Amino acid sequence: MTTLYERLGGEAAVDKAVDIFYDKVLADDRISGFFENLDMVAQANKQKKFLTMVFGGPNDYTGKDMRNAHAHLALEEEHYNAVVENLANTLAELGATPEDIGEVAKIADSVKDDILNR
Ligand code: HEM
């Protein structure tokens, strides 16, 4: 059985997706403010490892869990929705199938309560 990670195109595809995703996030004034003063190279590297792990690829993620990573940001539902929208649009542009994008949305949903600290 292929993993979501493999279907999306493996390491090169996830790396490219995360770079395009953060370009979109930084251009989105609903959420860009959260990323001011952040080392975006380090952030993208963590996100590449996190998404690789949850998409069923190699597990090299050594960052914080989702609750501890986001608690200090006091995020609201609208911020979460904007991030998921940017991720889904990125994957669609890169040719992911609607089914795979739906699977990504489900994975995101599984950490939503942690990210919103509720
Ligand atoms: C499914 C949704 C999300 C995932 C998978 C995700 C993933 C991550 C990961 C892996 C980290 C790195 C943790 C570490 O430093 O060890 C992180 C940090 C961060 N995330 Fe998210 N995140 C999500 C949603 C959001 C949302 C909705 C926002 C704000 C709009 C956000 C803003 C941030 C910021 C600003 C940091 C850096 C915090 C800091 O270093 O002080 N994230 N996220």
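If you look the protein up in an unreviewed UniProt entry, it shows as Group 1 truncated hemoglobin from Spongiibacter pelagi. Quoted verbatim from the Sequence similarities (unreviewed entry) heading of the UniProt record, the comment on the protein is "Belongs to the truncated hemoglobin family. Group I subfamily."

Engineer: Now, about the overall build of the protein: what can you tell me, with residues and values included?
Structural biologist: Helix and strand content of the protein: seven helices and zero strands. In sequence order, the protein lays out its α and β elements as α-α-α-α-α-α-α. The principal-axis extent of the C-alpha atoms belonging to the protein is close to 40 × 25 × 25 Å. Taking all contacts inside the protein whose residues are at least 6 apart in sequence as the whole, residues at least 24 apart take part in 76%. Accessible surface computed for the protein: about 7000 Å², of which carbon and sulfur atoms make up 51%. Treating the 12 positive side-chain charges of the protein as one cloud and the 22 negative ones as another, the clouds have centres 2 Å apart.

Engineer: Residue-level account of the pattern of salt bridges, with values.
Structural biologist: The final tally for this structure, using the stated rule, is ten salt bridges. R7 is the salt-bridge partner of D100, the closest N and O atoms lying 2.9 Å from each other. One end of the pair, D100, is in helix α6 (residues 98-110); the other, R7, is in helix α1 (residues 4-8), and 93 residues separate them in sequence. The partner of R7 in a salt bridge is E103, and the shortest N-O contact between them spans 3.1 Å. You can see R7 sitting in helix α1 and its partner E103 sitting in helix α6, a full 96 residues away along the chain. According to the relative accessible area criterion, R7 is partly exposed, its value standing at 36%.

Cut-offs and rules
- Residues numbered from 1 in each chain as written.
- Predicted model: local features only at pLDDT ≥ 70, side-chain atom pairs only at ≥ 80, totals over all residues.
- Heavy atoms only, no water.
- UniProt positions renumbered as here; feature names shortened; annotations may be inferred.
- Helix = DSSP H or I, 4+ residues; strand = E, 2+ residues; numbered from the N terminus.
- Contact = heavy atoms within 4.5 Å.
- Areas by Shrake-Rupley, 256 points an atom, 1.4 Å probe, with all protein chains shown as cover.
- Lys, Arg positive; Asp, Glu negative; His and termini not counted.
- Charge placed at Lys NZ, Arg CZ, Asp CG, Glu CD.
- Salt bridge = Lys/Arg side-chain N within 4 Å of Asp/Glu carboxyl O.
- Buried < 20%, exposed > 50% of the residue type's maximum accessible area, 1.4 Å probe, protein only.

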